[in-house]
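Report on the structure
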Amino acid sequence: MTDYPINMSVKPQVEAFFDPATNTISYVVKDPSSNACAVIDSVMDIDYAAGRITYDHADAIIDHIRKHGLKLEWIIETHVHADHLSAAPYIQSALGGKIGIGDKIMVVQDTFGKIFNEGTEFQRDGSQFDALFEDGDTYKIGNMQAVAIYTPGHTPACMVHVMGDAAFVGDTLFMPDGGSARADFPGGDAATLYDSIQKVLALPNEMRLFMCHDYGPNGRDIQWQTTVAAEKEHNIHVGKGATKEQFVNLRTERDATLAMPKLIIPSLQVNMRAGEVPTDKDGRPMLKVPINAL
């Protein structure tokens, strides 16, 4: 079992918001004993071909929070996403709250700061975020304690956030028939990801697990909630006691067949800045396209 402070008697209310353009699921998580809430892994809409950013997905989250009279205290990023842009600062400007991410964001910023040839004005110390979490750090959403669990492997800054009997796993795991996320991005590692997944599987069997992505394998309807017990028994990559060697071989072979995410170039530039779009020397929003760098 886990050594992290887990309280399964606390059962937060979880509202999911699915973004079909990126197959991302964002969440509003409400403390059951107050009107406090957190937002997990928000999405900013982008028409990449047109260079146009909009906020329909984020507006739906904002509307939900306002409609239900909730107080937003945290805007959590489980990691620096490579497949969608974060709407964290847009939501924060409307509702307040602190933006938090794992403290290894600095590793990601250093890596991609070089790839995107960012100048010295781009701070690589995580200062764009309001809070940087280390493994085992706790924080409060109203009266509900949340704990951040360090789960690298997909990226160096991945964390699972546990709130009562609900865990938000980011890309550490997918639904049982989806397996796990890739581990071939800069800073990723399949063996490390296996060890991180074991941390999740050590949580109580009844723990609700909420995915950041789902792609409807084999044509099934989109799903985003499962349990630790279901993952341990049925996950196609790590279930039924799969060994690290088996997982690494499977993950490595599969990753070699995958194309880069369609939005990786804008996503990384925006998300390593806590959702802010970079600007050129004249202050205009602008993205770069590094050639042969990813």
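Just above sits the structure.
Description of the structure in this document. (Residues numbered from 1 in each chain as written. Predicted model: local features only at pLDDT ≥ 70, side-chain atom pairs only at ≥ 80, totals over all residues. Heavy atoms only, no water.)

1. Digging into the overall build of the protein
In terms of regular secondary structure, the protein is built from seven helices and 14 strands. Dimensions of the protein, computed from C-alpha atoms along their principal axes, come out at roughly 55 × 50 × 35 Å. Every one of the 294 residues in the protein was classed for burial, and the buried ones make up 52%. Looking at the protein alone, contacts between residues at least 24 apart form 67% of all its contacts between residues at least 6 apart. Of the accessible surface of the protein, which amounts to about 12700 Å², a share of 50% is contributed by carbon and sulfur atoms. Of the side chains in the protein, 25 bear a positive and 39 a negative charge, and the two mean positions are spaced by 1 Å. (Helix = DSSP H or I, 4+ residues; strand = E, 2+ residues; numbered from the N terminus. Buried < 20%, exposed > 50% of the residue type's maximum accessible area, 1.4 Å probe, protein only. Contact = heavy atoms within 4.5 Å. Areas by Shrake-Rupley, 256 points an atom, 1.4 Å probe, with all protein chains shown as cover. Lys, Arg positive; Asp, Glu negative; His and termini not counted. Charge placed at Lys NZ, Arg CZ, Asp CG, Glu CD.)

2. Let's talk about a nonpolar patch on the surface
A surface patch of nonpolar side chains, about 360 Å² in accessible area, is lined by Tyr48, Leu287, Val289 and Ile291. Within the secondary structure, Tyr48 is located in the loop between strand E4 (45–47) and strand E5 (52–54). (Patch = residues over 30% accessible without salt bridge, like charges linked within 9 Å, V, L, I, M, F, W, Y side chains within 5 Å. Salt bridge = Lys/Arg side-chain N within 4 Å of Asp/Glu carboxyl O.)

3. A word on the environment of Pro261
Mapped onto the elements, Pro261 comes out in the loop between helix H6 (244–255) and helix H7 (264–271). Note on Pro261: relative accessible area 18%, which makes it buried. For the pair formed by Pro261 and Gly164, sequence separation is 97 residues and the distance between their alpha carbons is 32 Å. With residues near it in sequence (within four places) discarded, Pro261 still touches Ala82, Asp83, Arg182 and Phe185.

4. Observations concerning the pairing of strand E6 (residues 71–76)
Moving residue by residue along a regular strand, the side chains alternate between the two faces of the sheet. The pairing of strand E3 (residues 36–40) with E6 spans five bridges and is classified as parallel. Looking at the pairing, Val39 lines up with Ile75 of E6. Two elements, E6 and strand E7 (residues 98–102), share three bridges in a ladder whose sense is parallel. The residue bridging Ile75 from the neighbouring strand is Ile99, located in E7. (Pairing = 2+ DSSP bridges.)

5. Focus: the packing of aromatic side chains
Throughout the structure, instances matching the rule amount to 10 aromatic pairs. With centroids separated by 5.4 Å and ring planes inclined at 70 degrees, the aromatic side chains of Tyr27 and Phe210 adopt a geometry described as edge-to-face. Of the two residues, Tyr27 sits in strand E2 (residues 24–30) while Phe210 sits in strand E13 (residues 208–210), which places them 183 residues apart along the sequence. Side by side, Tyr27 and Phe210 carry an identical accessibility label, which is buried. When the ring of Trp74 is compared with that of Phe133, the centres are 5.6 Å apart and the planes differ by 45 degrees; the resulting orientation is tilted. (Phe/Tyr/Trp six-rings, centres within 6.5 Å; stacked < 30°, edge-to-face > 60°.)

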